[in-house]
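# Examining the three-dimensional arrangement
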Amino acid sequence: MADNLPLPVRVRVTASPSLALLKYWGKEKSGINIPATSSIAVTLSGLETVTEISTDFNQDGKSSAGDQIIINDEPVSDPKIELFLRYARDQYPLPSQLTIRSRNNFPTSAGLASSSSGFAALAAGLGAYIRPALSGIELSALARAGSGSACRAVFGGFTRWIRGSEYAVPVYDHTYWEDLRILLILVTRQPKSTGSRSAMNHCSQTSPVFSSWIRENHRHEEMMLAGLQNRDLEQLGAAMRQSYLFMFSTMFTADPPVIYWLPESMAVIRACEKLRRNGLNVWETMDAGPQVKLLCQESETGRIVEELEKEIGPFEYRLSRPGLPPAVETCFD
Ligand code: 2P0
């Protein structure tokens, strides 16, 4: 973006969530959302947060105090967003009052990484008001302050966020692995009972296996990088499985435990295991919520859905693939 452009009146950003294949779970003691584990992720096509930011809220001639935040058509007062806006204004000269409307085309706070696309969209939208324009890495660092996983969602394709780092980096773009598909199985539409931020902190403070989890991250990361480099779904899937199950072991051993799994989640995990035994190349993962996400090849997707239905009955799902980085549209009048 040319640095002499005027500032926009309105900005509209469409961003997709970042699904961790290798999990970020634990923070360094100092800094804001600095990860204690490296994570590797894929940006998901088809799932979208659309965020509009405007400075023309005063059209009716009345003044309104502070920012207005509207999520899925509901005005909200969201401390996480308010804190982030304060942080962004400390870092960059930004308009003092903004109207922010955000909407997801998928269930919010239900374990589908809505905070990653939400804060990536918000950071990219604020970026349109910043001169000189931010680099990808600066944008990633800004998004991280809102929510750690958002620093990966400012890029498309495959991303890596190295332990101790303030920003993620793109590794391969969305065309790198053409036949990779991600089946997102919605076992419930209910918002989760415990937010991932507090669950992560609680596990790091109370789980006796947390230090092993951090130590093992190096090994999981090496395996996953090799799987990704070779476009080897079995190698990637095996590393992904170790990462999510170890992450959950920190939840199950926390005091009190954090249990996101539902019986339906377990049924999908078991079915997936059976499908693999029957020769299908399908690998599951889960995040801080009950939904199960499966990685597979395009050619086997139809059969996997069919076989899963036989095992668990009809289910709701979204089919995704590696997606694009956020799209930013600006309006100057
Ligand atoms: C991830 N998760 O890598 C991991 C896997 C959930 C499980 O990042 O406190 O909402 O805002 O930095 O990003 C969820 O945690 O946490 C998450 P904060 P965030 O995607």
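In this report, the structure presented in the accompanying data block is examined. (Residues numbered from 1 in each chain as written. Predicted model: local features only at pLDDT ≥ 70, side-chain atom pairs only at ≥ 80, totals over all residues. Heavy atoms only, no water.)

### Some details on the layout of surface pockets
The following threshold applies: Both site types are read off a 1 Å grid over the protein atoms alone. A 1.4 Å probe that fits but cannot get out defines a cavity, while an open set with protein on both sides within 12 Å along at least five of seven lines defines a pocket; lining residues have an atom within 4 Å of a point. Grid points are joined across faces, edges and corners, and a volume is the space filled by probe spheres set on the points. Numbering of helices and strands runs from the N terminus, with a helix taken as a DSSP run of H or I at least four residues long and a strand as a DSSP run of E at least two residues long. Gly is placed with the polar residues, together with every amino acid not listed as nonpolar (Ala, Val, Leu, Ile, Met, Phe, Trp, Tyr, Cys and Pro) or charged (Asp, Glu, Lys and Arg).
In this structure, the largest pocket occupies an estimated 910 Å³ of space. What lines the largest pocket is a set of 44 residues, and nearest its centre among them are Lys 80, Ser 114, Ser 115, Ser 116 and Ser 147. Secondary-structure elements contributing two or more residues to the lining of the largest pocket are β2 (18-22), β5 (68-71), α1 (79-91), β7 (99-104), α2 (114-127) and α5 (196-206). The element contributing the most residues to the lining of the largest pocket is α2, with 6 residues. Each residue belonging to the lining of the largest pocket can be placed in one class, and the counts come to 18 nonpolar, 17 polar and 9 charged.

### Quick look at the site of the ligand
Short version of the rule: When we say a residue is near a molecule or strand, we mean one of its heavy atoms is within 4 Å of it. Polar contacts, as counted here, are pairs of nitrogen or oxygen atoms within 3.5 Å of one another; within protein the pair requires one atom able to donate a hydrogen and one able to accept it, and residues that are adjacent in sequence qualify only if both atoms are side-chain atoms. Values of accessible area rely on a 1.4 Å probe in the Shrake-Rupley scheme; residue burial ignores everything except the protein chains shown. To be counted as sitting in a cavity or pocket, a molecule needs more than half of its atoms within 2 Å of that site's grid points.
In the vicinity of the ligand lie 18 residues, with Tyr 24, Lys 27, Ser 147, Gly 148 and Arg 197 positioned nearest. Residue Ser 115 places a side-chain N or O atom 3.2 Å away from an oxygen atom belonging to the ligand. In this structure, an oxygen atom belonging to the ligand sits 3.3 Å away from a side-chain N or O atom of Ser 196. Expressed as a share of its isolated accessible area of 470 Å², the protein-covered part of the ligand is 96%. The cavity where the ligand resides is the largest pocket. At 3 residues, α5 tops the list of elements feeding residues into the shell around the ligand. Looking at the shell around the ligand, its residues break down into 6 nonpolar, 6 polar and 6 charged.

### What to know about the packing of helix α6 (residues 210-229) against helix α7 (residues 233-252)
Formally: The angle between two axes is taken between their N-to-C directions and runs from 0 to 180 degrees, where each axis is a line fitted to C-alpha atoms and a helix contributes only its stretch in contact. In what follows, roughly perpendicular refers to angles from 65 to 115 degrees, roughly parallel to angles under 35, roughly antiparallel to angles over 145, and oblique to any angle outside these ranges. Each crossing gets its hand from how the near helix is turned against the far one by less than a right angle, where anticlockwise is left-handed and clockwise is right-handed. The contact definition used throughout considers only heavy atoms, calling two residues in contact when any of these lie within 4.5 Å.
Packing of α6 against α7 leaves a shortest axis separation of 8 Å and a crossing angle of 165°. One element, α6, and the other, α7, form an angle in the roughly antiparallel class. When the axes of α6 and α7 are compared, the crossing they make is left-handed. On the side of α6, the interface is formed by Phe 210, Ser 212, Trp 213, Glu 216, Arg 219, His 220, Met 223, Met 224, Ala 226, Gly 227 and Leu 228, while α7 contributes Gln 235, Leu 236, Ala 238, Ala 239, Met 240, Gln 242, Ser 243, Phe 246, Met 247 and Thr 250.

### Side note on the side chain of His 220
Examined against the element boundaries, His 220 turns out to sit in helix α6. Of note is the side chain of His 220, whose polar atom sits 3.2 Å from the side chain of Gln 242. His 220 has contacts with Leu 22, Trp 213, Ala 239, Gln 242, Ser 243 and Phe 246, leaving out every residue within four places of it along the chain.

### Brief notes about α6
Inclusion rule: Helix span, as expected, comes to 1.5 Å for every residue beyond the first. For every residue, the accessible area (1.4 Å probe, protein chains only) is compared with the maximum for its type, and the residue is labelled buried under 20%, exposed over 50%, or partly exposed between those bounds.
For α6, spanning 20 residues, the distance from its first C-alpha to its last is 28 Å, which sits close to the expected 28 Å at 1.5 Å a residue. When α6 is considered as a whole, its buried residues turn out to be Phe 210, Trp 213, Asn 217, His 220, Glu 221, Met 224, Gly 227 and Leu 228. Lining the buried residues of α6 we find β2, β3 (39-43), β8 (158-161), β9 (169-172), α5 and α7. Following α6 by one or two positions, Arg 231 adopts a phi angle in the positive range, close to 45°.

### Details of the pairing of β3
How we decide: At least two bridges found by DSSP between two strands are what make those strands a pair.
With 5 of 5 residues buried, β3 lies mostly within the body of the structure. Neither face of β3 is left uncovered, since the one carrying Ser 39, Ala 41 and Thr 43 and the one carrying Ile 40 and Val 42 both have all their residues buried. Relative to β3, β2 runs antiparallel, the two being bridged by 4 bridges. Paired with Ser 18 across the strands is Thr 43, a residue of β3. With 4 bridges connecting them, β3 and β8 associate as antiparallel partners. Note that in β8 the partner of Ile 40 across the bridge is Arg 160.

### Focus: α2
With 14 residues, α2 ought to run about 20 Å at 1.5 Å a step, and its terminal C-alpha atoms sit 20 Å apart, in line with that. With 13 of 14 residues buried, α2 lies mostly within the body of the structure.

### Some points on the nonpolar core
Let me state the cut-off plainly: The definition of a nonpolar core used throughout is a set of buried Ala, Val, Leu, Ile, Met, Phe, Trp, Tyr and Cys residues joined through side-chain atoms within 4.5 Å.
Membership of the largest hydrophobic core comes to 68 residues, with the highest contact counts inside it found for Trp 25, Leu 126, Leu 294 and Ile 304. The element contributing the most residues to this core is α2, with 7 residues. When neighbours within four sequence positions are excluded, Trp 25 is seen to be in contact with Thr 37, Ser 196, Ala 199, Met 200, Cys 203, Phe 210, Trp 213, Ile 214, Met 247, Thr 250, Met 251 and Ala 288. If you look at the next biggest cluster of nonpolar residues, it comprises 25 residues, including Val 42, Leu 180, Ile 182 and Met 240.

### A few points about the packing of aromatic side chains
Formally: Each Phe, Tyr or Trp ring, with Trp reduced to its six-membered ring, pairs with another whose centre is within 6.5 Å; inter-plane angles below 30 degrees give stacked pairs, above 60 give edge-to-face pairs, and intermediate values give tilted ones.
Scanning the model with the defined rule gives 11 aromatic pairs in all. Ring centres 5.4 Å apart and planes at 85° place the aromatic pair Phe 84 and Phe 119 in the edge-to-face group. Remark: Phe 119 occurs in helix α2 and Phe 84 occurs in helix α1; sequence separation between them is 35 residues. For the pair shown, Phe 84 and Phe 119 are each scored as buried. An angle of 65° between the planes, with centres 5.3 Å apart, marks the rings of Phe 248 and Trp 261 as edge-to-face. Of this pair, Phe 248 sits in helix α7 while Trp 261 sits in the loop between α7 and α8 (263-277); the two residues are 13 residues apart in sequence, bridging distant segments of the chain. Grouping residues by exposure puts Phe 248 and Trp 261 together as buried. Ring pairs connect the aromatic residues Phe 158, Tyr 172, Tyr 176 and Trp 177, which therefore count as one cluster.

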